[in-house]
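# Descriptive structure summary
What follows is each chain in one-letter form.
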Amino acid sequence: MQSAETKKTKMRATCKKCVWLILVFGFLLALVHIWSPGNSSRVDIRPKEWSPINTNLNGKLQKAVNDFQDIPYHIKEDAACRLARNTCVCVADKKTVNLPFSNLLWPQAWAHDISMAFLESHPDPKGVKQRRAKEYQSFQRRSYDPTDVLVVAEAQSPLQYPTQGVKVRPLKTIIIPGLGLKEEKQSNHSVHLTATLGTFDVAATVDRVYVTGVGEKQMTVWSPVLSALNRQLQFVTYTNTVFHPRTADTIQFATTGHSAFFTIKVGHGTMPTLYNFGSQKEYNISALVTIATKTFLRYDKLNDLINSIRQYYPTVTIVIADDNQHPQPVTGPYIEHYIMPFGKGWFAGRNLAVSQVTTKYVLWADDDFIFTANTKLEMMVDILEKTTLDMVGGAVREVTGYTATFRHTMSVEEGGEEGDCLHIRQGYHHVIDGFPNCVVADAVINFFMGRTDKLQQVGFNPRLARQGHLEFFVDALGSLHIGSCSDIIVSHASKIKLPWTKSDQQKAYDKFRYTQSNSDDNLHNEIYYFKNRFKCMTSN
Ligand SMILES: *[C@@H]1O[C@H](CO)[C@@H](O)[C@H](O)[C@H]1NC(C)=O
Ligand SMILES: *[C@@H]1O[C@H](CO)[C@@H](O)[C@H](O)[C@H]1NC(C)=O
């Protein structure tokens, strides 16, 4: 048996060997590094909005805009007033008629000055304004997309080139399609190519054509024979040399006296999220859909919801997020019950529940809803499968018989330095072909089904603890395609109850959910003002 002492000495010896090996290896690595040809692998990946080529492009655009200044013009009022002016102001609709019920007949938009509401009560309004401006700047730099740059193919240019649609994977090579030169016969026909994030080469050579700058960011191709040059241009390749998962390179393509620009998109493709749910002829709701809900102080309501779901969908999974102070067990087959810290809140619960869903679709239901024969989840799946919608809302029937769909449209109007304006209106954009009871909108009721991955991408801001519904749809603007169907109906358990018939639990719930304090108001204002950079919200 070895003594502890000899073991230690042995270990020390092995360690010394290790260190020695590491040192030798490191030295070799360093040598390789020093000797490697000039091409250092360090790249600048700071967000960029401007490159020398952009300046050049901008100059050309200026010229195009400034041409023909001396020719008079006439403004066409009805068309011109539809142009976005990007200088929104915070004003409510003016009252036009003053009749009884005129508010109901001609609903008017109100306006809420978010800037004022938030900054007025803020101890450091100047500081918070500056921070928001700074964050916005860096957001703009990060989200800058070179393919958004306006590129004009000039008239009468002898150059032929692709204006859009050329793509290359990061650090890979492609043939640039469509390059050509059409000009009068001369002794020397030549073109120049310039790139920023890659290099040029030719995939084949053509006799009597001369190429300089192969493997570099600038390449010149010339020939005394135009047809030979054009043949050669069919073999020009582009290799991306600076890794970026999603960007674009602006290429300058020039000949004597003319130059043109086009972009090559650089990036990985969008990774798909596909769900493997078998191949039945009819939709298998249990395999496709998970029902998510959040409960707080209302186990009686929750049990009614679960029982009503089980009547129609006995094996669909139900995910419950629960932030009660004294959680009670909720058991049964196909039920997942997640206990959260006390009072975590509304959106945190939605986040948690939706994060646990593994099916293609998730249905959101409040814990006081009741499924009926009209709650046809198959119809929601059907429209999501057959259209480009990411999310579809249903309708909620109140005890009184009134059925609500809560359809709204939203738009953001630019408003300069102070922030933008959010405009919310009741209504929708289009009726959906083939689904006469369904429309396209920007915000829907809190009974909806969506593609799980898309809802997870948008997320629910967990800071919104007690109230919040529209905030999700503001975050979803531009990323979710949303519909609303009036014929998929869930029932609402009695909401309007006379105060003296309420149970203690109901009273406690109402106190928690509906007493909105000043700090809640302020939170909403802060989120709109800072996170979304709004100065104003108008709605009707
Ligand atoms: C043809 O033009 C190219 C580019 O301007 C130039 O590099 C090349 O030397 C010229 N060839 C002759 C023969 O003049
Ligand atoms: C529907 O899906 C569930 C869950 O994946 C599965 O257990 C069940 O057998 C399926 N039903 C049919 C009819 O295929």
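Residues numbered from 1 in each chain as written. Chains lettered and ligands numbered in written order. Predicted model: local features only at pLDDT ≥ 70, side-chain atom pairs only at ≥ 80, totals over all residues. Heavy atoms only, no water.

The name given to the chain in an unreviewed UniProt entry is Beta-1,4 N-acetylgalactosaminyltransferase, and the organism recorded there is Xyrichtys novacula. Under the heading Subcellular location (unreviewed entry), UniProt records this for the chain: "Golgi apparatus membrane". (UniProt positions renumbered as here; feature names shortened; annotations may be inferred.)

Each helix and strand in the chain was counted, giving 15 helices and 26 strands. For the chain, buried positions account for 39% of its 540 residues. When contacts within the chain are restricted to residue pairs at least 6 apart in sequence, those whose partners lie at least 24 apart make up 71%. Element-wise, carbon and sulfur atoms account for 56% of the exposed surface of the chain, whose accessible area totals about 32300 Å². (Helix = DSSP H or I, 4+ residues; strand = E, 2+ residues; numbered from the N terminus. Buried < 20%, exposed > 50% of the residue type's maximum accessible area, 1.4 Å probe, protein only. Contact = heavy atoms within 4.5 Å. Areas by Shrake-Rupley, 256 points an atom, 1.4 Å probe, with all protein chains shown as cover.)

Quick look at the site of ligand 1 now. Residues in close proximity to ligand 1 include Asn188, Ser190, His192, Thr220 and Trp222, which together make up its full environment. Between an oxygen atom of ligand 1 and a side-chain N or O atom of asparagine 188, the distance comes to 2.5 Å. Protein coverage of the free-state accessible area of ligand 1, which is 360 Å², stands at 45%. Going through the elements one at a time, β6 (189-194) and β9 (218-223) are the ones with two or more residues in the shell around ligand 1. (Near = heavy atom within 4 Å. Polar contact = N/O pair within 3.5 Å; in protein donor to acceptor, adjacent residues only side chain to side chain.)

Read across the open sheet, the 3 strands follow the order β4-β10-β7; overall the sheet is antiparallel. One side of each edge strand has no neighbouring strand; the edge strands of this open sheet are β4 (173-175) and β7 (198-202). Across the sheet, the mean angle separating the axes of adjacent strands is 25° when strand polarity is ignored. Pairing geometry for β7 and strand β10 (residues 236-240), over 5 bridges, is antiparallel. Bridge assignment links phenylalanine 200 to a residue of β10, and that residue is tyrosine 238. (Pairing = 2+ DSSP bridges. Axes fitted to C-alpha atoms, helices over the stretch in contact; angles between N-to-C directions.)

Glancing now at the pairing of β10. Taking burial as the measure, the 5 residues of β10 include 4 buried ones, the bulk of the element. Where β4 meets β10, 3 bridges bridge the pair, whose relative direction is antiparallel. If you follow isoleucine 174 over to β10, its bridge partner there is tyrosine 238.

Take the packing of aromatic side chains next. For the coordinates displayed, the defined rule picks out 13 aromatic pairs. For the ring pair phenylalanine 472 and phenylalanine 473, a centre distance of 5.1 Å and an interplane angle of 80° mean the geometry is edge-to-face. Its relative accessible area of 0% is what places phenylalanine 472 among the buried residues. One residue, arginine 132, lies across the ring of tyrosine 529, its end atom 4.1 Å from the ring centre. Looking at arginine 533, its charged tip hangs above the ring of tyrosine 136, at a distance of 3.8 Å from the centre. (Phe/Tyr/Trp six-rings, centres within 6.5 Å; stacked < 30°, edge-to-face > 60°. Lys NZ or Arg CZ within 6 Å of the ring centre and 35° of its normal.)

Turning to helix α6 (residues 125-143), a few remarks are in order. The α-helix winds at 3.6 residues per turn, so residues separated by three or four positions along the chain end up facing the same way. Under the 1.5 Å per step criterion, the end-to-end length of α6 is 27 Å for 19 residues, consistent within 8% with the ideal 27 Å. Taken together, the buried positions of α6 are Gly127, Val128 and Arg132. Buried residues in α6, looked at end-on, bunch into an arc of 130°, giving them a common side. Among the exposed residues of α6, those pointing more than 90 degrees away from its buried face are Lys126, Gln130 and Lys134. (Expected span 1.5 Å × (residues − 1). Arc of directions from axis to C-beta.)

For the structure on display, the rule yields 9 salt bridges. The partner of lysine 360 in a salt bridge is glutamate 385, with the nearest N and O atoms 2.8 Å apart. A residue pair is termed long-range when its members are at least 10 positions apart, and lysine 360 in the loop between α10 (346-355) and β16 (361-364) and glutamate 385 in helix α11 (residues 377-386) qualify at 25 residues. Lysine 360 gets classed as buried once you look at its relative accessible area, which sits at 14%. A relative accessible area of 31% means that glutamate 385 is categorised as partly exposed. Across the pair aspartate 382 and lysine 386 runs a salt bridge whose closest N-O atoms are separated by 2.9 Å. Residue aspartate 382 and its partner lysine 386 are both found in helix α11; the two are separated by 4 residues, about one turn of the helix. On the basis of relative accessible area, lysine 386 is assigned to the exposed category, the value being 57%. (Salt bridge = Lys/Arg side-chain N within 4 Å of Asp/Glu carboxyl O.)

Residues other than glycine seldom take positive phi values, yet tyrosine 334 does so here, at roughly 55°. With respect to the helices and strands, the residue tyrosine 334 is situated in the loop between β14 (317-322) and β15 (335-339). Residue tyrosine 334 is classed as partly exposed on the basis of its relative accessible area, which comes to 44%.

We now examine the sheet that holds strand β21 (residues 420-426). Hydrogen bonding along the main chain pairs the strands of a sheet, whether they run parallel or antiparallel. Strand order in the open sheet made by the 4 strands is β1-β26-β21-β20, with mixed pairing throughout. Unpaired on one side and paired on the other, β1 (110-113) and β20 (408-413) mark the two borders of the sheet. Within this sheet the neighbouring strands show an average axis-to-axis angle of 15°, counted without direction. In this sheet, β21 lies alongside β20 in antiparallel orientation, the contact comprising 6 bridges.

This paragraph deals with the pairing of strand β11 (residues 246-255). Most of β11 is tucked away: 9 of the 10 residues are buried. When β6 meets β11, the two strands line up antiparallel, connected through 3 bridges. Pairing of threonine 194 across the sheet is with glutamine 252, part of β11. As paired strands, β11 and strand β12 (residues 258-267) are joined by 10 bridges and run antiparallel to one another. Opposite arginine 246, over in β12, you have glycine 267 as the bridge partner. In this structure, the hairpin formed by β11 and β12 is closed by a connection of 2 residues, where glycine 257 is found at a positive phi of approximately 85°.

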